[in-house]
Every structure is written in structure tokens, then in C-alpha cells.
Amino acid sequence: MTIDLSTIPLVALSIESTQVVSSLLNSPKVIPCENKLPRDWRGLAHLCELGGELMPLLISHPDPTAYILTYWKKKQKNITIKDFQNLLEKIDRWDILDDTLKLFVRDGEKYLEQLQKSQTSAEKIENDTEIEILTIDDFYRKEQGLSEQNYDAFILYADEDIKFANEMVDKLEKEYNLKLCLKDQLLGGITFEHEAVMKLISDRCNRLIVIISPNFLKSPANKFFLNYAQALGIGTQQRKIIPCLYERCRLPPQLQFMVILDYNKLVSYNFWGKLRDSIQVSNKIKENLNIFPIKNDSNLNMNNENDKDKQNTSNVERKIEIEKLQIQNKKETFDRKENSNQFEFVSINNNSKDNNKKHNHFLLWSKMWSKKGENNKREDASITKTISLPSIESLDTLNSTELIEKKNKTRLIDKYIKKYQLMIHKDHLA
């Protein structure tokens with residue numbers, strides 16, 4: 001890449017390049033150039049049009065060349081490195097041009113690189129948004145225009161158990177698609193670490209996973225966060241803490257009455273599955289039930305309607321069969337009672353005219369009832385021919401209203417029979 005030094009300002013000269021030029025021009029030269037100018041710093045001062053009042057100062061200055069270059073930069077701001085090379089040509093200092101060419105090219109490259117970097121500027125911090133950014137996830141989501149990150153659970157652990165905490169994060173995030181938060185994900189420079197953790201536990205994390213071990217109980221900060229989460233769970237009436245026993249130890253009082261997930265149980269104990277189910281919330285479970293889309297809604301609706309129709313017809317058929325069986329049973333019991341009452345009636349008073357009238361009335365009523373039962377039996381005959389009767393154990397119970405009606409009928413019949421028996425008994429005693 002070739003650099004045009006006519007586009008590079010003189011201010012781009014590095015300290016190293018200025019020192020090299022000064023070391024070559026500060027030493028006086030006796031032989032002048034063709035235009036009668038000295039071939040040292042004095043010729044450069046004359047070409048830069050420095051006033052004569054500055055000459056005494058330059059003579060006594062330890063580095064007159066550096067002073068001339070500084071004064072020239074301030075006087076002419078648009079001066080370039082190429083202009084400085086032209087002045088060196090006028091005083092016949094071709095040796096300096098050859099020795100400094102690579103240095104000038106390198107200075108030009110650095111200047112262009114810095115010029116390109118200066119095109120971008122840092123964004124100004126906004127206090128309102130900076131307060132909400134607590135974790136690395138919040139920072140990246142803010143760049144995409146998203147809200148702050150919410151987590152399924154915050155993992156509370158001792159520093160000595162960091163290996164198991166990382167294993168838990170890998171297992172739950174990769175296999176079960178959960179989002180977990182660790183204290184190590186906090187951004188550097190947060191003033192109050194405890195306040196940030198408390199805000200994450202209360203507002204941004206659904207659960208608090210506690211990795212219980214002897215080292216965990218040694219940390220006062222972990223005990224404080226545990227008490228804080230327990231108070232949150234009581235206040236919101238939610239299941240906030242999920243205790244996981246990593247190493248055997250004496251449980252703190254806050255966890256003695258909770259269900260503990262034991263990592264050291266047998267292989268048949270699905271620790272990771274239980275932990276996943278404990279973390280999930282009811283909203284996520286509902287979403288998982290609706291993962292697969294429903295296809296052919298019309299066919300499904302038709303199938304559902306057909307199933308409902310079949311179910312309704314089967315229920316009607318069952319009710320008909322149950323009513324039929326109950327009517328048959330009542331008729332049999334009534335026939336038995338009729339025969340017994342008729343036998344008692346004949347044996348007690350066979351010659352009484354009043355008793356004959358009552359007996360005839362009773363027989364008439366019973367014949368009417370039997371005819372009614374036979375008619376019902378004929379009406380149901382067509383149904384019994386096409387439908388196979390189910391077993392009595394498999395029959396569903398009747399509705400409460402139907403049972404009440406049937407009981408009232410049987411009570412009325414029993415009451416009438418008892419009243420009739422009582423009348424016959426009184427006539428016999430008289």
C-alpha cells in the first residue's frame with residue numbers, strides 16, 4: 001500500500017522521526033547550498049520564515065530543529081510531510097530524505113489508522129438504562145433492543161462447589177432448555193453486589209436453587225440470601241427455594257421441613273428430571289402441551305361430533321335398559337305381594353261382602369298395573385331385539401332425579417298395600 005505523503009499533515013510525525021531529523025539538522029554545516037542557504041537548521045528557519053527576533057533564542061536552544069517544526073505547525077496548520085520534504089530538497093539535504101523515508105511512511109500509516117478509528121465514538125451512558133443492566137445477558141439483549149433477561153432459576157452455591165454448579169448449568173440449559181443465572185454473570189463494576197443479587201432473586205428469577213454442602217453453610221452471604229428467598233416465598237405464597245443436597249451435612253433450620261433433592265441417591269433416582277420438573281412453572285407446562293400444531297380441524301371436529309353422538313346414543317340405550325330391568329323387578333315384587341295378600345284375604349274372611357268388594361277393587365287395580373307393565377314390555381321389545389344387554393356391574397348409575405321418581409313410586413305402592421292390609425286386619429278383628 002503506497003501512501004501519499006501530501007495528504008498526511010506534519011503533526012503526524014512521531015517523536016522518533018522528529019529526533020532523527022533534529023540529530024541531522026542541529027549540527028552546523030559550513031558549506032552552503034547553491035542558493036546560498038546554510039545546510040542546517042538555519043536554512044530551515046529561513047525557509048519557514050521565522051522572524052529575526054527568534055534567532056538569538058534558537059542559537060541558545062538545545063534543540064533548534066524541534067522548536068522550528070513546532071512553531072511551523074502552529075503557524076501553518078495545513079502543512080504536510082511532503083512540504084517538509086520539499087524544504088529539505090531546497091537546502092540540499094538528500095541524505096535526510098533517504099534516511100527518513102521509511103519513518104515518514106510508517107507515520108503516515110499510523111495517522112490514517114487512527115483517523116479511521118476516530119470516525120466511531122463511544123455512546124454516552126444513560127442512567128435509566130444502566131441501572132437495569134446487571135448481567136452479561138442484559139448487555140447483549142440491550143444492544144438488540146430487547147428488555148432485560150429473565151431466568152428460570154438463580155443458583156446459590158459455595159465457591160468450592162463451582163464445578164458442580166457449572167455442571168448443573170450445562171445439564172439444564174443444553175438438555176432441558178432452561179435459563180439459569182450465576183453470581184459470576186454479574187458485570188464488573190457493580191457497586192453493591194448483594195443488592196444486585198437480591199434484585200435478580202426477587203424480580204428476575206422464578207426459583208432459587210440452593211446447592212447444600214458443608215462449605216455452603218460456612219458462608220454468611222449464602223445464609224442471608226437463603227433467608228431473603230424464604231421471606232419472598234412466604235410473602236408471595238409461592239414455591240421459591242429448591243434445595244439440592246450435594247454433600248452430606250446438617251441441614252439449616254430453613255430447609256429441614258422442605259423436600260430435598262438428593263444428588264447422592266441411587267442411579268434409579270432421576271435427580272436431573274426431578275430438578276427440571278421442580279424448576280418449571282405452570283405457564284411453561286401449558287406451552288409444552290401446545291407444541292404440536294393441529295391439522296385438519298374440520299376432520300377433527302367431525303370425529304369429535306361422531307364420538308359425542310355415539311356416546312349419547314350409548315347413554316340413552318343404557319338408561320332404557322336400566323329402566324326396563326327396574327320395571328321388571330318391581331312387577332315381580334308386586335306380584336309376590338299380591339299373591340300373599342290375596343291368600344290372607346281369602347283365609348281371614350271368605351264370607352264377608354265388604355271384603356269381597358275391596359278384594360275385587362284390589363284385583364282390578366293389580367290387573368291394570370300388570371297390563372301397563374306388559375305394554376311397556378311390548379314397546380321395548382323392538383329395542384331388546386337389536387341391543388345386547390350389558391351386565392349389571394358395568395351399568396352406570398341413574399341420575400338423581402330419576403332415582404327420586406322411582407323411589408317415590410315404590411313408596412306409594414308400599415304405602416297403599418300396607419294401608420289395605422291394615423283395613424283387612426281391622427275388619428277381621430271387628
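Residues numbered from 1 in each chain as written. Predicted model: local features only at pLDDT ≥ 70, side-chain atom pairs only at ≥ 80, totals over all residues. Heavy atoms only, no water.

- Looking at an unreviewed UniProt entry, one finds the protein chain named Myeloid differentiation primary response protein MyD88-A isoform X1, with Apis mellifera as its source organism.
- UniProt, in its Subcellular location (unreviewed entry) section for the protein chain, records the words "Cytoplasm". (UniProt positions renumbered as here; feature names shortened; annotations may be inferred.)

### Some words on the side chain of D138
Then, in step 1: Mapped onto the secondary structure, D138 falls in helix α8 (residues 136-143).
Then, in step 2: Given the relative accessible area of 2%, D138 is considered buried.
Then, in step 3: At 3.1 Å, the side chain of D138 and the backbone nitrogen of L134 are in polar contact.
Then, in step 4: Each residue touching D138, except ones within four places of it in the same chain, is listed here: E132, I133, E148, Q149 and R204. (Helix = DSSP H or I, 4+ residues; strand = E, 2+ residues; numbered from the N terminus. Buried < 20%, exposed > 50% of the residue type's maximum accessible area, 1.4 Å probe, protein only. Polar contact = N/O pair within 3.5 Å; in protein donor to acceptor, adjacent residues only side chain to side chain. Contact = heavy atoms within 4.5 Å.)

### Some words on the nonpolar core
Then, in step 1: Judged by nonpolar contacts, the single largest core of 27 residues is most densely connected at L10, I68, W72 and F84.
Then, in step 2: Contributions of two or more residues to this core are made by α1 (15-25), α2 (41-47), α4 (64-75), α5 (81-90) and α6 (94-117).
Then, in step 3: Per element, the largest residue contribution to this core is four residues, and it comes from α5.
Then, in step 4: The contact partners of L10, leaving out residues within four places of it in the chain, are L69, W72, K73, I79, T80, I81 and F84.
Then, in step 5: Listed in part, the 22 residues of the second largest apolar core include L134, I201, V210 and I212. (Core = buried A, V, L, I, M, F, W, Y, C linked by side-chain atoms within 4.5 Å.)

### Concerning the pattern of salt bridges
Then, in step 1: Under the counting rule described, the total for this entry stands at ten salt bridges.
Then, in step 2: Between K179 and D137 there is a salt bridge, and its shortest N-O distance comes to 3.8 Å. Here K179, found in the loop between α9 (162-175) and β2 (180-181), pairs with D137, found in helix α8; they are 42 residues apart in sequence, far enough to count as distant.
Then, in step 3: With a relative accessible area of 29%, K179 lands in the partly exposed category.
Then, in step 4: As a salt-bridge pair, K183 and E193 come within 4.0 Å of each other at their nearest N and O atoms. Of this pair, K183 sits in the loop between β2 and α10 (193-204) while E193 is found in helix α10, placing the two residues ten residues apart along the sequence.
Then, in step 5: Assessed through its relative accessible area of 30%, K183 is described here as partly exposed.
Then, in step 6: Assessed through its relative accessible area of 38%, E193 is described here as partly exposed. (Salt bridge = Lys/Arg side-chain N within 4 Å of Asp/Glu carboxyl O.)

### Examining the environment of N215
Then, in step 1: Of note, N215 is situated in helix α11 (residues 214-217).
Then, in step 2: When the C-alpha positions of N215 and E160 are compared, they lie 6.9 Å apart, and in sequence the two are 55 residues distant.

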